[in-house]
Amino acid sequence: TEIYTLSLHDALPISSRVGLYIDRYRSSLLRALRLMATFEPFIELTSSLGTIVIIYFGGRLALAQQLPIEDLVAFFLYLDMFYQPIRALSGAWEQVQEASAGAERVAELLGEEPDVQDRPDAFELSGRAQGHLLFQDVTFRYSQGENVLDHIILDVPAGSVVALVGPTGVGKTTLASLIPRFYDVCEGAVILDGHDIRDLTLRSLRRQVSIVLQDVFLFHGTARENILFGRPDATEEEVMAAAQAANAHDFIQRLPDGYDTLLGERGVKLSGGQKQRIAIARAILKDAPILILDEATSAVDTETELLIQQALERLMVGKTTIVIAHRLSTVRDADAIVVLEGSRIREQGTHTELMALQGLYWRLNEVQRQIAD
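Throughout what follows, the structure given in this document is the object of discussion. Treat the numbers as computed from the prediction; the structure is a model and nothing was measured. (Residues numbered from 1 in each chain as written. Predicted model: local features only at pLDDT ≥ 70, side-chain atom pairs only at ≥ 80, totals over all residues. Heavy atoms only, no water.)

1. Focus: the sheet that holds strand β7 (residues 290–294)
- Taken in spatial order, the six strands make up an open sheet running β6-β7-β8-β3-β9-β10, and their pairing is mixed. Every interior strand has two partners, whereas the edge strands, β6 (209–212) and β10 (344–349), have only one. Neighbour-to-neighbour, the strand axes of the sheet open up by a mean angle of 20°, direction not taken into account.
- Of the pairings in the sheet, the one linking strand β3 (residues 161–165) to strand β9 (residues 336–341) comprises four bridges and is parallel in character. Across the sheet, the residue bridging to Ala-163 is Ile-337, located in β9.
- The strands touched by helix α12 (residues 360–372) are β3, β9 and β10; relative to β9, the strand with the most contacts, the crossing angle is about 90°. (Pairing = 2+ DSSP bridges. Helix = DSSP H or I, 4+ residues; strand = E, 2+ residues; numbered from the N terminus. Axes fitted to C-alpha atoms, helices over the stretch in contact; angles between N-to-C directions. Contact = heavy atoms within 4.5 Å.)

2. Quick notes on the environment of Val-216
- Considering the arrangement of structural elements, one finds Val-216 in the loop between β6 and α6 (223–228).
- The class of Val-216 is buried, set by a relative accessible area of 9%.
- Along the primary structure Val-216 and Ile-153 are separated by 63 residues, whereas in three dimensions their C-alpha atoms are 30 Å apart.
- If we ignore the near neighbours within four places in the chain, the residues touching Val-216 are Arg-266, Lys-275, Gln-276 and Ala-279. (Buried < 20%, exposed > 50% of the residue type's maximum accessible area, 1.4 Å probe, protein only.)

3. A few points about the side chain of Thr-222
- Structurally, Thr-222 is set in the loop between β6 and α6.
- The residues touching Thr-222, leaving out its near neighbours within four places in the chain, are Tyr-259, Asp-260, Thr-261, Leu-262 and Leu-263.

4. Description of the pairing of strand β1 (residues 133–140)
- Sheet analysis places β1 next to strand β2 (residues 149–156), joined by five bridges and oriented antiparallel. Bridged to Val-138 within β2 is Ile-152.
- As paired strands, β1 and strand β4 (residues 187–192) are joined by five bridges and run antiparallel to one another. The residue of β4 that forms the bridge with Thr-139 is Glu-187.

5. Things to note about the nonpolar core
- Judged by nonpolar contacts, the single largest core of 46 residues is most densely connected at Ile-227, Ile-252, Ile-280, Leu-315 and Ile-337.
- If you tally residues by element for this core, the top one is helix α9 (residues 272–286), at seven residues. (Core = buried A, V, L, I, M, F, W, Y, C linked by side-chain atoms within 4.5 Å.)

6. Considering α12
- Over its 13 residues, α12 runs 18 Å from end to end, which matches the ideal 18 Å to within 8%, given 1.5 Å per residue.
- Residues Leu-360, Tyr-361 and Asn-365 constitute the buried set of α12. In a view along the axis of α12, the buried residues occupy a sector of 140°, so they form one face of it.
- In this structure, the buried side of α12 is in contact with β3, β9, β10 and α11 (351–357). (Expected span 1.5 Å × (residues − 1). Arc of directions from axis to C-beta.)

7. Topic: the sheet that holds β2
- An order of β2-β1-β4-β5 is seen for the four strands of this open sheet, with the pairing classed as antiparallel. Here the strands that pair on one side only, and so sit at the sheet edges, are β2 and β5 (195–196).

8. A closer look at empty space enclosed by the protein
- Counted according to the given criterion, the structure contains one cavity of 30 Å³ or more.
- By volume, the largest cavity is sized at about 40 Å³.
- Lining the largest cavity are Leu-178, Arg-181, Tyr-183, Asp-184, Val-185, Val-190, Ile-197 and Arg-198.
- Residue classes in the lining of the largest cavity are distributed as five nonpolar, no polar and three charged. (1 Å grid on protein atoms, 1.4 Å probe; cavity = no way out; pocket = protein on both sides within 12 Å on 5 of 7 lines; lining within 4 Å. Points joined across faces, edges and corners; volume = space filled by probe spheres on them. Nonpolar A, V, L, I, M, F, W, Y, C, P; charged D, E, K, R; others polar.)

9. A few points about the pattern of salt bridges
- The full count for this structure, using the stated rule, is 15 salt bridges.
- Arg-369 serves as the salt-bridge partner of Glu-366, at 2.7 Å between the closest nitrogen and oxygen. Within this pair, Glu-366 and its partner Arg-369 are both found in helix α12, separated by three residues, close to a single helical turn.
- One network of salt bridges, in which partners are shared, links Arg-128, Asp-287 and Lys-319. (Salt bridge = Lys/Arg side-chain N within 4 Å of Asp/Glu carboxyl O.)

In structure tokens:
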């Protein structure tokens, strides 16, 4: 019966499964509220019955002058002292149950094993990689569904700048995410300097990669600590040099405590452009040979975009750079532009070559030009 129920559950559409989970949660919550609404009044009723018994029998004995009034008052005080920890225990029991449920969820999360792990025979990539990447007939799909990437063949020479462009949802970010092994390929291989990246330890592989995303993540720490996340053993001079190269030094100096200013959770005290420049400073300080830029200049004003673009140009020097962009004007100078559509590479070449083809890249440029006009 349980196997049949699970099979039936998996066969339901997503909307029906969400509705089923909501109904289960509502039923569990109502059952818990009913138990809590019964338990606490029961404790209060029990303590009140004890008080009534003392009043009835103690009052009769006091009226018959068989019990001194002061002893009756003492009984009341002792009874209150007796029931007080019981009332506290009734409230504590509810908190214990909530804490137990929370601890169970935390233990379940901590017990999860990551899908991507080191192979038993994985080895450390010593030193600094040259940065030559080769996507060798790569196919990737998530746990269920169609292929997100289908037989991708792409050669990225060391020190080159390759731009990934195309409509939304064609797998540009997914393709870049395969390089640091956020996911493992389903078929084919990603080769770094002649080594299958699955043969390298995750730590040594990710040491070779820096990523600057559109949605920057900053920690609840100081500006200095957030930049040092790129290389914790860096000196103060190196931190400032990285901030200057990222065009971040001036605005950091204007913060209330300079580099010691707390930025808040996810950098809540900074603007989007300022957060972006902190992330670029972090990447400059790390100085990894492979750089991934995922829409790093989107959603900022023109002046801030210029500052970020200048910082990125300094960051890209001598590095193998993968640029993901929807704004095609930012990738015209790339060594190669790869146009993705429908999980495959449709076009590949320089800006001039692709414009001459008058294919998908040319059409995307025309649309953006018309919007700009």
